[in-house]
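Residue-level listing of the chains:
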Amino acid sequence: MEDCNGEDIIATPELPLEIIVYIQSFLQASDRKDASLVCRSWYYASQDFHFQKNLTFSFPASASSLELIKGLGRKSRCSLIIKQLDGFSMSRSLLMEVGLCLGSKLESLALPGSSITEASLLSLLPRLTSLRRLDLRGLDSLFMSGAFLSREEHRHQVRSALSGLEELDLSDLRYLSDLTFNRLTSCTPGLRRLSLAGCHIAFEFDPYRGCPAGAVKDSSALLSLRNLKRLVTEQRWTLVALDLSRTSITPDSLRTVAQVPDLVLEELRLHGCKELTDYSIEVLVKHQPSLQRLDISACTELTSRSVEAVAQGLKALTQLSLSRDWRITEKGLAELLSVSSLRSLDLSECLHVSGTEIVKGLTGCTTARAQLDTLSLKSCTYIRDFAVFSLTQLLGNTLRELDLTLCVNVTDLSVRAIATYLQGLVVLRLGLCKEITDWGLLGMVEATKCEPDQETADKGPRFTRTFGNMGFFKPPRLPFEEKPKLVTHNDLQQFKQQAGASLLALNRLQELDLSACPKLTDSSITQVLRYPDLRRLSLSMLPEITDASLASVACHCRSLTSLALSHCPGISDRGVAQAAPYLHRLQHLYLSGCSNITDRSLFLLLQHCDRLQTLDISSCKNISPTTVDLLQSRLPFLENVHHKFIETRSCYRKK
């Protein structure tokens with residue numbers, strides 16, 4: 001073949017579809033969407049079954065959503081989250097289109113923040129013959145009248161469609177009663193997972209009739225323990241997960257549920273059930289020894305006795321949350337860490353935990369100890385460098401997520417240990433660790449300390465005569481009041497030449513929180529934060545960073561979808577101008593309290609960040625209401641604009 005100039009043209013062979021699919025497997029979903037626009041072959045590759053599996057489409061109810069639903073009709077399977085539905089004609093048309101186009105293809109449906117009518121949902125459900133998960137949390141409008149599914153013909157139609165439903169979420173339903181609960185669950189005979197978190201369940205006493213709960217069969221006013229037990233008994237062969245978080249369940253009620261014959265639970269969530277005691281957990285463990293995931297966080301009456309019961313009775317446990325169980329101490333943690341199946345442990349806000357017993361449990365037999373991949377020690381203020389140093393060595397091969405937020409005694413030594421031993425970390429949270437400095441992030445040891453002068457030398461209390469002849473003692477300066485030695489240009493040159501581990505070694509990080517570490521400056525942020533796969537970053541409340549840090553982060557962390565810079569006075573329009581061209585993937589941006597941000601920054605976001613969904617510009621007093629309104633009207637995905645203390649006429653939430 002020759003071109004018009006007589007020169008030979010060598011046709012470029014097309015890549016096989018399998019190769020294109022393999023290339024796209026390394027991309028995020030949003031990037032695959034852009035890649036699908038290259039040509040027909042790349043589009044077909046982006047529609048490969050492996051990419052469409054477990055894919056959920058989330059969008060608000062609007063007229064433009066109708067075309068989206070019609071387009072989804074070409075897919076073999078899909079899941080939907082439709083927000084802000086109401087009882088008006090547009091929402092009814094949207095649900096009707098879902099039933100017509102996706103009826104036999106829809107696997108999961110969630111309707112958060114909606115207030116749809118009974119008629120709208122009853123016209124949709126009979127069409128959803130492949131539905132496996134239904135989320136009706138907070139839909140009080142469905143259950144307020146008590147007439148939902150009251151007609152036998154409606155129940156028959158819904159039962160035929162939902163016979164294969166496996167997950168049902170009825171959380172936060174204020175008006176759920178025995179009658180409506182029975183009608184709905186009679187249409188779902190094969191449930192595996194049921195959530196009643198936050199529902200008003202009468203476990204012992206019926207406040208409406210002044211008698212024990214369950215004395216009145218099928219109450220139209222409330223959901224009773226008797227009715228819940230009936231469902232669990234009927235579906236005991238399939239039910240493996242139950243969520244009763246934020247209910248008033250009592251120890252006797254929990255025992256009643258746990259003792260249902262032939263019930264074998266794998267997951268139980270009891271977050272915020274403040275009536276529970278150590279005895280109730282001991283009974284639970286005795287009757288449900290197959291539990292793999294247990295959440296007893298914010299159960300404030302529990303003590304270390306519960307921890308010991310769990311450690312001794314649940315040998316298949318993989319996830320345990322003890323967050324905000326304030327009475328728990330170190331006792332029992334060593335035995336808990338000897339459960340070899342344990343993978344995730346949440347001890348956040350357990351104020352008496354110092355980590356000593358955790359280390360002790362992990363230093364036991366290597367074949368009979370927990371291989372943790374997630375550990376949260378948030379707000380455990382007794383955690384110190386020695387504990388962190390030991391944990392990083394013991395968990396170096398497995399740990400992927402570590403939360404040390406508000407561990408105020410953690411210093412640069414812990415940061416260097418993390419960078420040295422935990423190089424497989426994906427999530428690291430160090431927010432409010434106020435002793436961390438640039439030296440820790442750089443992996444360097446501060447060579448010399450500032451020489452104490454006469455004013456700062458620790459000579460004990462000093463006697464002064466500030467006010468006439470009255471004497472006052474001036475207390476010594478506290479350690480956190482002292483500023484670290486600043487990193488100089490020569491120090492940075494040494495950092496670039498050193499072979500030691502800095503935070504740069506954590507090259508798999510996808511989430512990093514350094515908020516409210518006030519001693520951090522541009523010196524470390526610009527040199528260390530260079531993570532190509534980083535998705536979420538928080539640098540809020542760092543008073544010493546400037547536009548140089550923002551520009552460097554944007555240039556070296558181009559996968560960012562969430563960036564928090566709230567209350568950073570050194571961030572200005574100049575930094576946004578340098579960063580915005582690199583932040584095409586950005587979806588959530590927090591700039592509240594950045595007083596140097598003006599309308600110019602919003603125009604830059606409008607130009608470069610068209611995927612933005614959330615923007616916080618509260619207390620940015622140099623931004624005008626007109627520009628905020630313009631931004632809301634031009635960015636198609638922008639749903640939440642937080643603009644407190646900005647006198648704008650627009651609504652808080654974009655409709």
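Okay, so let's go over this structure. (Residues numbered from 1 in each chain as written. Predicted model: local features only at pLDDT ≥ 70, side-chain atom pairs only at ≥ 80, totals over all residues. Heavy atoms only, no water.)

## Considering the overall build of the protein chain
Spelled out, the test is: The helix count covers DSSP runs of H or I at least four residues long, the strand count covers runs of E at least two residues long, and both are numbered beginning at the N terminus. For the exposure calls, accessible area comes from a 1.4 Å probe over protein chains only, and a residue counts as buried if that area is under 20% of its type's maximum, exposed if over 50%, partly exposed in between. For this analysis, residues touch if any pair of their heavy atoms sits within 4.5 Å. The accessible surface values rely on the Shrake-Rupley method and a 1.4 Å probe; as for residues, cover is taken only from the protein chains in view.
Of the regular secondary structure elements, the protein chain holds 25 helices and 26 strands. For the protein chain, the residues scored as buried account for 50% of the 655 residues in total. Partitioning the contacts of the protein chain with sequence separation of at least 6, the portion at a separation of at least 24 is 76%. Summing over all exposed atoms, the protein chain offers an accessible surface of approximately 31,000 Å²; the carbon and sulfur share of this is 53%.

## Thoughts on the layout of surface pockets
Our working rule: We place a 1 Å grid over just the protein atoms. Points where a 1.4 Å probe fits but has no way out form a cavity, open points with protein on both sides within 12 Å along at least 5 of 7 lines form a pocket, and any residue with an atom within 4 Å of a point lines it. Grid points are joined across faces, edges and corners, and a volume is the space filled by probe spheres set on the points. When residue character is reported, Ala, Val, Leu, Ile, Met, Phe, Trp, Tyr, Cys and Pro are called nonpolar, Asp, Glu, Lys and Arg charged, and the others, Gly included, polar.
In this structure, the largest pocket encloses a volume near 1,800 Å³. Considering the residues around the largest pocket, the lining is formed by 46 residues, among which Lys 33, Thr 56, Phe 57, Ser 58 and Phe 637 are closest to the centre. At the level of secondary structure, the elements contributing two or more residues to the lining of the largest pocket comprise helix H2 (29–35), helix H3 (40–46), helix H4 (49–52), strand E1 (56–60) and helix H5 (65–72). Residue composition of the lining of the largest pocket, by class: 14 nonpolar, 18 polar and 14 charged.

## So, unusual backbone geometry
We note that Asp 262 has phi near 70°; this positive angle belongs to a residue other than glycine. For Asp 262, the position within the fold is in the loop between helix H12 (251–258) and strand E12 (267–269). Residue class for Asp 262 comes out partly exposed when judged on its relative accessible area of 45%.

## Remarks on the side chain of Ser 323
Structurally, the position occupied by Ser 323 is in the loop between strand E14 (319–321) and helix H15 (333–336). Those residues in contact with Ser 323, other than ones at most four positions away along the chain, are Ser 297, Ala 298, Asp 346 and Ser 348.

## Some points on helix H9 (residues 152–161)
This is how it is decided: Think of it as the arc spanned by the lines of direction from the helix axis to the C-beta atoms.
Taken together, the buried positions of H9 are occupied by Arg 155, Val 158 and Ala 161. Along H9, the residues classed as buried sweep out an arc of 130° about the axis, all on the same side. At its buried positions, H9 is contacted by helix H7 (118–124) and helix H10 (178–185).

## Quick notes on the pairing of E1
Put simply, the rule reads: Only strands that DSSP links by at least two bridges are regarded as paired with each other. Viewed with both strands pointing away, a crossover whose connecting path from the first strand over the helix to the second turns clockwise is right-handed.
Going residue by residue along E1, you find Phe 57 and Phe 59 tucked away on one face and Thr 56, Ser 58 and Pro 60 left uncovered on the opposite face. Judged from the 5 bridges that link them, E1 and strand E2 (residues 78–83) form a sheet pairing that is parallel. Bridge pairing links Phe 57 to Leu 80 in E2. The β-α-β motif built from E1, the intervening H5 and the parallel element E2 has right-handed crossover chirality.

## Considerations on the packing of helix H24 (residues 599–608) against helix H25 (residues 625–634)
The test is simple: The convention used is that axes are lines fitted to C-alpha atoms, helices contributing only their stretch in contact, and that angles between N-to-C directions extend from 0 to 180 degrees. Should an angle lie under 35 degrees it is considered roughly parallel, over 145 roughly antiparallel, and from 65 to 115 roughly perpendicular; all remaining angles are considered oblique.
Where H24 meets H25, the closest approach of the two axes is 10 Å, and the angle between their N-to-C directions is 5°. One element, H24, and the other, H25, form an angle in the roughly parallel class. Across the interface between the two elements, Asp 599, Leu 602, Phe 603 and Leu 606 of H24 pack against Thr 627, Val 628, Leu 630, Leu 631 and Arg 634 of H25. Of the residues that constitute the contact of H24 with H25, the class distribution is 6 nonpolar, 1 polar and 2 charged.

## Describing H24
When you tally the buried positions in H24, you get 7 out of 10 residues, the bulk of the element. Of the surrounding elements, those touching the buried residues of H24 are helix H23 (573–579), strand E24 (588–590), strand E25 (614–616) and H25.

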